[in-house]
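# Tertiary structure, described
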Amino acid sequence: MKKFILNSIAFIPILVFLLHIRPLYLIYTEKYKDTVAGSEIYLSIYKSKQKKKTKKLLLGDSVGNQLFSNKTNNDSIYSLACNQAIGLVGHYILLNNYLKAGNQVDTVYLLYAPFSFSNNLDQIYTYHYFLKPFYKDEYLSLFTKKVYQQVHKIPYFYLSRYPYILTSNWAPDFVSKDKTDYTFLSPISVEYLIKMKELSIKYNFKLIIIATPTRVSKKPFLDKLDKHRIVENNLVNEFNNYFENIIYLNDDNFIDPVHLKDPPKYAVYYKNKFLK
């Protein structure tokens, strides 16, 4: 019995090694970035570090990515649109990467659904879509105190970069217990919109925020949104005509609460009207 126990203990390191072969291979080759959910985020991170001559940069959530895919928009409009789950802190990091790479832009478009601004890194998706790509030494200096506070509320946040977890779609069942006093701009969204504005001043570009197409059934709710934080934080110019220009579509034009059935049908309109 003692020999069996000793042999079992001796086998543990071998078992651990075998279990980590595939995750370590996926990390070494970076293949996990193509296979996990949210692969579009890793593509945007990669693109954000490339040197380009494009003067118009587009950031956006998943609907923005539907309209201007980060896979195909690499010329007159350079799209880093990916997913709202990375929060505006994630989009700020993408923008900062692009500027730090030495790129010069004259216009940055943020194509964002009205409901995406409420993300305060308090979603069940935050662990997989934000922590795994961004919770690393490279970006920690760009995190505000509020970001750290939110991150530390998520179970096992410190394991998000662990190989076996990083290369899988696993995330803890996280339900935020935060009490909110906002219906539109979350505290983290406010912080990073201000930071984006500061970059626009430093690097001399226009920051234009544009709403994605929205279900007409949502209009009564949007009309009641609390917009006072726009004025309080001096973001009036950035949100100029944001609500007035919302394109409301019949609900049958959507495959779910926010995503479009036929994105190309509206991409041309957006390009001609808003992305001149």
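Structure shown above.
In what follows, the accompanying structure is described.

For Glu-30, which is not glycine, the phi dihedral falls at a positive 65 degrees. Considering the arrangement of structural elements, one finds Glu-30 in the loop between helix H1 (2-29) and helix H2 (32-35). The partly exposed category is assigned to Glu-30, whose relative accessible area is 45%. In this model, Asn-234 sits at a positive phi of 55 degrees, which is unusual for a non-glycine residue. Relative to the elements of secondary structure, Asn-234 occurs in the loop between helix H12 (228-232) and strand E6 (248-249).

What follows covers the nonpolar core. The biggest cluster of nonpolar side chains holds 58 residues, and the ones touching the most others in it are Phe-117, Phe-130 and Phe-239. Broken down by secondary-structure element, the contributors of at least two residues to this core are helix H3 (39-48), strand E1 (56-60), helix H5 (87-100), strand E3 (107-111), helix H6 (126-134), helix H8 (145-151), helix H10 (187-203) and strand E4 (206-210). The biggest single contributor to this core is H5, with eight residues. Apart from the residues lying within four places of it in its own chain, the contact partners of Phe-117 are Leu-88, Leu-110, Tyr-112, Phe-184, Leu-185, Ser-186, Ser-189, Leu-193, Ile-209, Phe-239 and Tyr-242. Core analysis: the next-biggest nonpolar cluster, separate from the first, contains 18 residues, Leu-58, Val-63, Phe-68 and Tyr-109 among them.

Procedures and definitions
- Throughout this description, residue numbers start from 1 for each chain and increase along the sequence as written.
- Local features in this predicted model are restricted to residues of pLDDT 70 or higher, and side-chain atom pairs are both shown and tallied only at a pLDDT of 80 or more, whereas totals for entire chains, interfaces and linings draw on every residue.
- Processing note: side-chain calculations cover all non-hydrogen atoms of the structure and skip hydrogens and water entirely.
- Going along the chain from the N terminus, every DSSP run of H or I of four or more residues is numbered as a helix, and every run of E of two or more is numbered as a strand.
- Note on exposure labels: buried denotes an accessible area under 20% of the residue type's maximum, exposed denotes more than 50%, and partly exposed covers the range between, all computed with a 1.4 Å probe on protein chains only.
- Here, nonpolar core means buried Ala, Val, Leu, Ile, Met, Phe, Trp, Tyr and Cys residues that are tied together by side-chain atoms lying within 4.5 Å of each other.
- Whether two residues are in contact is decided by their heavy atoms: any pair within 4.5 Å suffices.

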